[in-house]
Amino acid sequence: MKRQKRDRLERARARGYQAGVVGKNSESCPYQCLDARGHWLGGWRDAMEGRSSGLFMK
């Protein structure tokens, strides 16, 4: 069961990262659960840092 939980949170982080790459705002987070929402926002923040440093091009 722990493996399932971890995979779910990793998936939330990956989806947050993808949302950040395409330029969505943090308010578009689809998760209500605090754990999943925190992981989604963490991925989103990582992508935003990458965008600001010029990692992604439009």
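Below is a summary of the structure that appears in this document.

How each quantity is defined
Note that residues are indexed from 1 along each chain, following the sequence as it is written. pLDDT decides what is reported in this predicted model: residues at 70 or higher carry local features, side-chain atom pairs at 80 or more are listed and counted, and totals for whole chains, interfaces and linings draw on all residues regardless. Derived side-chain values reflect all non-hydrogen atoms in the structure, with water molecules and hydrogen atoms excluded from consideration. Secondary structure counts use DSSP, requiring at least four H or I residues in a row for a helix and at least two E residues in a row for a strand, with both numbered from the N terminus. Classification of residues uses two cut-offs on accessible area relative to the type maximum, computed with a 1.4 Å probe and protein chains only: under 20% is buried, over 50% is exposed, and between them is partly exposed. Here a residue-residue contact requires only that any non-hydrogen atoms of the pair lie within 4.5 Å. With residues, only the protein chains shown are counted as cover, and all accessible areas are computed by Shrake-Rupley using a 1.4 Å probe. What makes a salt bridge here is a side-chain nitrogen of Lys or Arg within 4 Å of a carboxyl oxygen of Asp or Glu, nothing more. Expected span of a helix, by definition, is 1.5 Å for each gap between consecutive residues, and there is one gap fewer than residues. Side-chain atoms alone can form a polar contact between residues adjacent in sequence; in general such a contact is a pair of N or O atoms within 3.5 Å, and within protein one must be able to donate a hydrogen while the other accepts it.

What to know about the overall build of the protein chain
Working step 1: In terms of helices and strands, the protein chain carries two helices and zero strands.
Working step 2: When the 58 residues of the protein chain are sorted by exposure, 24% land in the buried category.
Working step 3: In the protein chain, of all internal contacts separated by at least 6 residues, the share reaching a separation of at least 24 is 65%.
Working step 4: Surface accessibility of the protein chain: about 4600 Å² in total, with carbon and sulfur atoms responsible for 52%.

Concerning the pattern of salt bridges
Working step 1: As enumerated under the stated definition, the model contains one salt bridge in all.
Working step 2: One salt bridge in this structure joins D46 and R13, with 2.6 Å as the shortest N-O distance. Residue D46 is located in helix α2 (residues 34-52), and its partner R13 is located in helix α1 (residues 2-22); the two are separated by 33 residues in the primary sequence.
Working step 3: The class for R13 is partly exposed, based on a relative accessible area of 33%.

Describing α2
Working step 1: Here α2 is 19 residues long and its end C-alpha atoms lie 26 Å apart, about the 27 Å a rise of 1.5 Å per residue gives.
Working step 2: For α2, the complete set of buried residues consists of A36, W40, L41, G42, G43, W44, A47 and G50.
Working step 3: Backbone geometry just downstream of α2 places G54 in the positive-phi region, at approximately 85°.

Comments concerning the environment of R51
Working step 1: Examined against the element boundaries, R51 turns out to sit in helix α2.
Working step 2: Exposure remark for R51: the relative accessible area of 28% places this residue in the partly exposed category.
Working step 3: Taking the C-alpha atoms as reference points, R51 and G20, separated by 31 residues in sequence, lie 8.3 Å from one another.
Working step 4: One polar contact links the side chain of R51 to the main-chain carbonyl oxygen of V21, over a distance of 2.7 Å.

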